[in-house]
Amino acid sequence: VYGAFVKVTSPLGSVAQGLVPISQVSDMRIDDLSSVLTIGQTVKVRVAEIDLDKDRISLSMRVPDAARASASDFEGVPDDQWFDGVVVAVQVYGAFVKVTSPLGSVAQGLVPISQVSDMRIDDLSSVLTIGQTVKVRVAEIDLDKDRISLSMRVPDAARASASDFEGVPDDQWFDGVVVAVQVYGAFVK
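My aim in this report is to walk through the structure given alongside it, one point at a time.

Rules and cut-offs
Residues numbered from 1 in each chain as written. Predicted model: local features only at pLDDT ≥ 70, side-chain atom pairs only at ≥ 80, totals over all residues. Heavy atoms only, no water. Helix = DSSP H or I, 4+ residues; strand = E, 2+ residues; numbered from the N terminus. Rg over C-alpha atoms; globule rule 2.2 N^0.38 Å. Buried < 20%, exposed > 50% of the residue type's maximum accessible area, 1.4 Å probe, protein only. Contact = heavy atoms within 4.5 Å. Areas by Shrake-Rupley, 256 points an atom, 1.4 Å probe, with all protein chains shown as cover. Lys, Arg positive; Asp, Glu negative; His and termini not counted. Charge placed at Lys NZ, Arg CZ, Asp CG, Glu CD. Core = buried A, V, L, I, M, F, W, Y, C linked by side-chain atoms within 4.5 Å. Salt bridge = Lys/Arg side-chain N within 4 Å of Asp/Glu carboxyl O. Phe/Tyr/Trp six-rings, centres within 6.5 Å; stacked < 30°, edge-to-face > 60°. Polar contact = N/O pair within 3.5 Å; in protein donor to acceptor, adjacent residues only side chain to side chain.

**A word on the overall build of the protein chain**
Point 1. Of regular secondary structure, the protein chain possesses zero helices and eleven strands.
Point 2. Helices (α) and strands (β) of the protein chain occur, in sequence order from the N terminus, as β-β-β-β-β-β-β-β-β-β-β.
Point 3. Scaling as 2.2 N^0.38, a compact globule of 189 residues should have a C-alpha radius of gyration of about 16 Å, whereas the protein chain reaches 21 Å, well beyond that.
Point 4. Per-residue burial over the protein chain gives 27% buried out of 189 residues.
Point 5. Pairs at least 24 apart in sequence give 50% of the contacts found in the protein chain among residues at least 6 apart.
Point 6. Carbon and sulfur atoms make up 52% of the accessible area of the protein chain, which totals about 13,000 Å².
Point 7. With 17 positive and 26 negative side-chain charges, the protein chain shows a separation of 8 Å between the mean positions of the two kinds.

**Digging into the nonpolar core**
Point 1. Ranked by size, the top nonpolar core spans 21 residues in total, and within it F74, L128, V136 and L150 carry the most contacts.
Point 2. Of all elements in the fold, only strand 5 (83–91), strand 6 (94–100), strand 7 (106–112), strand 8 (133–142) and strand 9 (147–151) reach the threshold of two or more residues within this core.
Point 3. I30, L33, L59 and M61 belong to the second largest nonpolar core, which has eleven residues in total.

**Focus on the pattern of salt bridges**
Point 1. Applying the stated criterion across every chain, the model contains three salt bridges.
Point 2. A salt bridge links K135 to D84; the nearest nitrogen and oxygen atoms lie 2.7 Å apart. Taken as a pair, K135 in strand 8 and D84 in strand 5 lie far apart in primary sequence, 51 residues in all.
Point 3. Of the charged contacts in the structure, one is a salt bridge between D122 and R120, with a shortest N-O distance of 3.1 Å. For the pair shown, D122 and R120 are each scored as exposed.

**Focus on the packing of aromatic side chains**
Point 1. Applying the stated criterion to the full structure yields four aromatic pairs.
Point 2. An angle of 85° between the planes, with centres 5.6 Å apart, marks the rings of F165 and F174 as edge-to-face.
Point 3. Taking relative accessible area as the criterion, F174 reaches 48% and is therefore assigned partly exposed.

**Details of the side chain of R137**
Point 1. Considering the arrangement of structural elements, one finds R137 in strand 8.
Point 2. Summary of buried charges: R137 has no salt-bridge partner, and the nearest side chain of opposite charge, D79, is 4.2 Å away.
Point 3. Side-chain polar atoms of R137 contact the backbone oxygen of R153, separated by 2.7 Å.

This is the structure we're talking about:
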């Protein structure tokens, strides 16, 4: 498989078909295109190249290099600042999330599986899917490798402890969200 054919509508209203080469589907290496794209799926593409002699359009789903963020674009961001992100790939070790820097450039960072939830996750694909919108924060920046490590977990400093609930009467109710269900009970956040 060398890519996916996508129908696009030109600014003039005509419909054409272009090829998104497998290398232009994602910044991540893709071995099985059907794990990322399905027939009939709506995708965002841009024109990467036009060959007028052969009447061919080459498309890309990747952000142009000029608009890519570097890790330095996230320097100085407090660890409790949250960003909207979109899951672009799910691996056994974590999820790659596309996020916009404070400067407006787009970057992709890794949310390691240990940073997705406070609960243990055995199968990340049962929790996250490609295209899913998530809230992330910058956990670590590696300027030498130009990498961003992201987290979906609340920073330790903002995390509640049991002592925060000391003295609360037993007839006071709180709103909570079920985050895991086990045979012995449910975890509520």
